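# Observations on the model geometry
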Amino acid sequence: GSGYSYLRNVRRGKPNGNWSATWRDAESGIALRAIFAPTDEAVLAHGEPSRRPNNPRELDYVILRNTGEGIRSRFISAIEPVEGEAQIESIEVVTQTDTSVTVKVRHALGTDLITHTVSPSGSTFSLQRSNPDGSLARLIQVGPGSQSAGGQQLAIDGALSGRVVSVAPETSSIEIERDRDSL
């Protein structure tokens, strides 16, 4: 078979642009909303997840597909927890190459320009946040690379490498032991 025999109530659609799906917890009222960039086909279904302790009896699934000869698919979504009004208004793919994608996310706090690049030396993420009036609010760079906006520049010349020594979720901190040969 296709490997999807656990799915039922299958619904298919051909999105015409960005589209969204929302999953709401009936007890708390908190929702998870995902906005998806365009794809050739979206499949929504109910299904039974693997049987593990604390897994629900049923989950809603989203399967995205692109079709054609020699295609390479990259599926892009913006996901937000929602209590009350959703904050994300739209997502837009600005540029896309074999190794990089830049996405513009418009939301209640302004606009984020997010770039993810993959190279043999690793991954790089960068974020430029603009306020609703267009002024620069924040620059974030994770991994080697540089960016500039609003007269500000942020650069990381090389990559650090090491191993995770400990994780403390209660303080949102991670202790890393740097490799000697790393920067």
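So, here's what we can say about the structure. (Residues numbered from 1 in each chain as written. Predicted model: local features only at pLDDT ≥ 70, side-chain atom pairs only at ≥ 80, totals over all residues. Heavy atoms only, no water.)

A separate point is the overall build of the protein chain. Counting its secondary structure elements, the protein chain contains 0 helices and 15 strands. Relative to the 2.2 N^0.38 estimate, which gives 16 Å for 183 residues, the radius of gyration of the protein chain is 20 Å and therefore markedly larger than a compact globule would have. Principal-axis analysis of the C-alpha atoms gives the protein chain an extent of 50 × 45 × 40 Å. Out of the 183 residues belonging to the protein chain, those deemed buried represent 25%. A separation threshold of at least 6 residues defines the contact pool for the protein chain, and within that pool the share at least 24 residues apart is 30%. (Helix = DSSP H or I, 4+ residues; strand = E, 2+ residues; numbered from the N terminus. Rg over C-alpha atoms; globule rule 2.2 N^0.38 Å. Buried < 20%, exposed > 50% of the residue type's maximum accessible area, 1.4 Å probe, protein only. Contact = heavy atoms within 4.5 Å.)

In spatial order, the strands read β2-β3-β6; together these 3 strands make up an open sheet with antiparallel pairing. One side of each edge strand has no neighbouring strand; the edge strands of this open sheet are β2 (19-24) and β6 (77-82). Across the sheet, the mean angle separating the axes of adjacent strands is 15° when strand polarity is ignored. Direction of pairing for β2 relative to strand β3 (residues 31-36): antiparallel, over a ladder of 6 bridges. Residue pairing in the sheet places Ala21 in a bridge with Ala34 of β3. (Pairing = 2+ DSSP bridges. Axes fitted to C-alpha atoms, helices over the stretch in contact; angles between N-to-C directions.)

Turning our attention to the pattern of salt bridges. Going through the model one piece at a time under the given rule, you end up with 7 salt bridges. A salt bridge links Glu80 to Arg33; the shortest N-O distance between them is 3.0 Å. Taken together, the positions of Glu80 in strand β6 and Arg33 in strand β3 put the pair 47 residues apart, joining distant regions of the chain. A relative accessible area of 16% means that Arg33 is categorised as buried. (Salt bridge = Lys/Arg side-chain N within 4 Å of Asp/Glu carboxyl O.)

Working definition: the strands of a sheet are paired by backbone hydrogen bonds and lie parallel or antiparallel to each other. Pairing within the open sheet is antiparallel, and its 3 strands lie in the order β1-β4-β5. Single-partner strands in this sheet number two, and they are β1 (7-13) and β5 (59-65). Adjacent strand axes in the sheet meet at a mean angle of 20°, parallel and antiparallel pairs treated alike. Of the pairings in the sheet, the one linking strand β4 (residues 41-47) to β5 comprises 7 bridges and is antiparallel in character. Bridge pairing links Gly47 to Leu59 in β5.

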